[in-house]
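Residue strings, one per chain:
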Amino acid sequence: MTAKIVEHLLTPEQHGLSGYIAYPERSTPGPALLLVHQYTGLTGYIKIEARKFAKLGYTTIIPSLWDMLGHPAVTHIHLGAELQAKTSDAEFVRVIREGWDYLVARPDVDPARVAVSGYCMGGRVAIHFVAATPEVRAFVGYYPTVRDEPATEMRPRRPWEAVPEFRCPTIMLFGADDWVTPHPVQERLWAAFRDNGQRLEWHYFASGGHGFIDPDAFYDPHVGELAWPLVVDFLERELEHYSS
């Protein structure tokens, strides 16, 4: 029998943080995922991603980073670029950690089987979070937004400089038409992950731009359909969860 899927917003008043959750009803602890959203915030498509993972058996949360950083709004689509520019990596890691702590404390979650998935901006800041959080069991990177920029006070380490601290396997997904994270930068990331020595799957699709699973970005349904079973297989193996 298929488990009932429960979905609802997370609020500071009721749950101690802002965000969204989708989970299968179950009586024993199971695997879980924390999704780190793109710069446009907690939009509809990433809620759908959470439901897709919940249907596979994962308790899945999406912390609403902008709300948790003190910028509540009905939508952040028009605010995301400005908020991203003025938020330090340390602040991002702090609020993601709040979401992580909430997730692993839930009675339906096995804290030894929790992964992180980051999308666009969320992929970049999730790299820093995973590097600082050895408890993460696996990382999924959907086209992290990474550029070859000098280190600053707000961004003291480039993502490829944080990767050596990873203690978990990674699956990375980029499309050939991604100009946001250009190929030379992808190669620097690839080298860092390769040299780190953890298990690595790196998928480079012959088409697909930045945001290829986001209908409000450079949506490419064909590439999205190619990527999904790869991610499902990766999580099944790394979190030891084989859905029926």
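Details of the structure are given in the entry above.
Below you will find a few notes about this structure. (Residues numbered from 1 in each chain as written. Predicted model: local features only at pLDDT ≥ 70, side-chain atom pairs only at ≥ 80, totals over all residues. Heavy atoms only, no water.)

**Some thoughts on the pairing of strand S5 (residues 109-119)**
In terms of burial, S5 is a largely internal element, eight of the eleven residues being buried. Across six bridges, strand S3 (residues 30-36) lies against S5 in parallel orientation. Its bridge partner lying in S5, Leu34 is registered against Val116. Following the backbone out of S5, through helix H6 (residues 121-132) and into the adjacent parallel strand S6 (residues 138-142), one traces a crossover that is right-handed. (Buried < 20%, exposed > 50% of the residue type's maximum accessible area, 1.4 Å probe, protein only. Helix = DSSP H or I, 4+ residues; strand = E, 2+ residues; numbered from the N terminus. Pairing = 2+ DSSP bridges. Right-handed = clockwise from strand over helix to strand, strands pointing away.)

**Comments concerning the packing of aromatic side chains**
All chains considered together, the criterion is met by 16 aromatic pairs. Here the aromatic rings of Phe139 and Phe166 are separated by 5.8 Å at their centres, their planes lie at 80 degrees, and the arrangement is edge-to-face. Of the two residues, Phe139 sits in strand S6 while Phe166 sits in the loop between helix H7 (159-162) and strand S7 (170-175), which places them 27 residues apart along the sequence. Here Phe139 falls in the buried class, since its relative accessible area comes to 0%. A relative accessible area of 1% means that Phe166 is categorised as buried. Aromatic pair Phe205 and Phe212: ring centres 5.9 Å apart, planes at 75 degrees, arrangement edge-to-face. Of the two residues examined, Phe205 and Phe212, each falls in the buried class. (Phe/Tyr/Trp six-rings, centres within 6.5 Å; stacked < 30°, edge-to-face > 60°.)

**With respect to the nonpolar core**
Counting 77 residues, the largest nonpolar core has Val116, Tyr142 and Leu235 as the members making the most contacts within it. Sequence-distant contacts of Tyr142, that is, excluding residues within four places in its chain, are made with Ser117, Gly118, Tyr119, Cys120, Leu173, Phe212, Ile213, Ala227, Trp228 and Val231. (Core = buried A, V, L, I, M, F, W, Y, C linked by side-chain atoms within 4.5 Å. Contact = heavy atoms within 4.5 Å.)

**Observations concerning the environment of Tyr45**
In this structure, Tyr45 sits in helix H2 (residues 44-55). Sequence-wise, Tyr45 and Arg94 are 49 residues apart; in three dimensions their C-alpha atoms are separated by 24 Å. Excluding anything up to four places from it in sequence, Tyr45 contacts Gln38, Tyr119, Tyr143, Ile213, Asp214 and Pro215.

**Concerning the side chain of Asp214**
Along the polypeptide, Asp214 turns up in the loop between strand S8 (200-205) and helix H9 (221-238). Although buried, Asp214 forms no salt bridge, and the nearest oppositely charged side chain, Lys52, lies 12 Å from it. With sequence-adjacent residues up to four places away left out, Asp214 is seen in contact with Gln38, Tyr45, Tyr143 and Tyr219. (Lys, Arg positive; Asp, Glu negative; His and termini not counted. Salt bridge = Lys/Arg side-chain N within 4 Å of Asp/Glu carboxyl O.)

**A closer look at unusual backbone geometry**
We note that Cys120 has phi near 60 degrees; this positive angle belongs to a residue other than glycine. Relative to the elements of secondary structure, Cys120 occurs in the loop between S5 and H6. The phi angle at Tyr143 is positive, at roughly 40 degrees, despite the residue not being glycine. Position of Tyr143 among the secondary structure elements: in the loop between S6 and H7. Judged by relative accessible area, which is 1%, Tyr143 ranks as buried.

**Quick look at the side chain of Gln38**
Along the chain, Gln38 turns up in the loop between S3 and H2. A polar side-chain atom of Gln38 sits 2.9 Å from the main-chain carbonyl oxygen of Gly41. At 2.8 Å, the side chain of Gln38 and the side chain of Thr43 are in polar contact. Those residues in contact with Gln38 that lie beyond four places of it in its chain are Thr43, Tyr45, Ile46, Tyr119, Cys120, Met121, Gly122 and Asp214. (Polar contact = N/O pair within 3.5 Å; in protein donor to acceptor, adjacent residues only side chain to side chain.)

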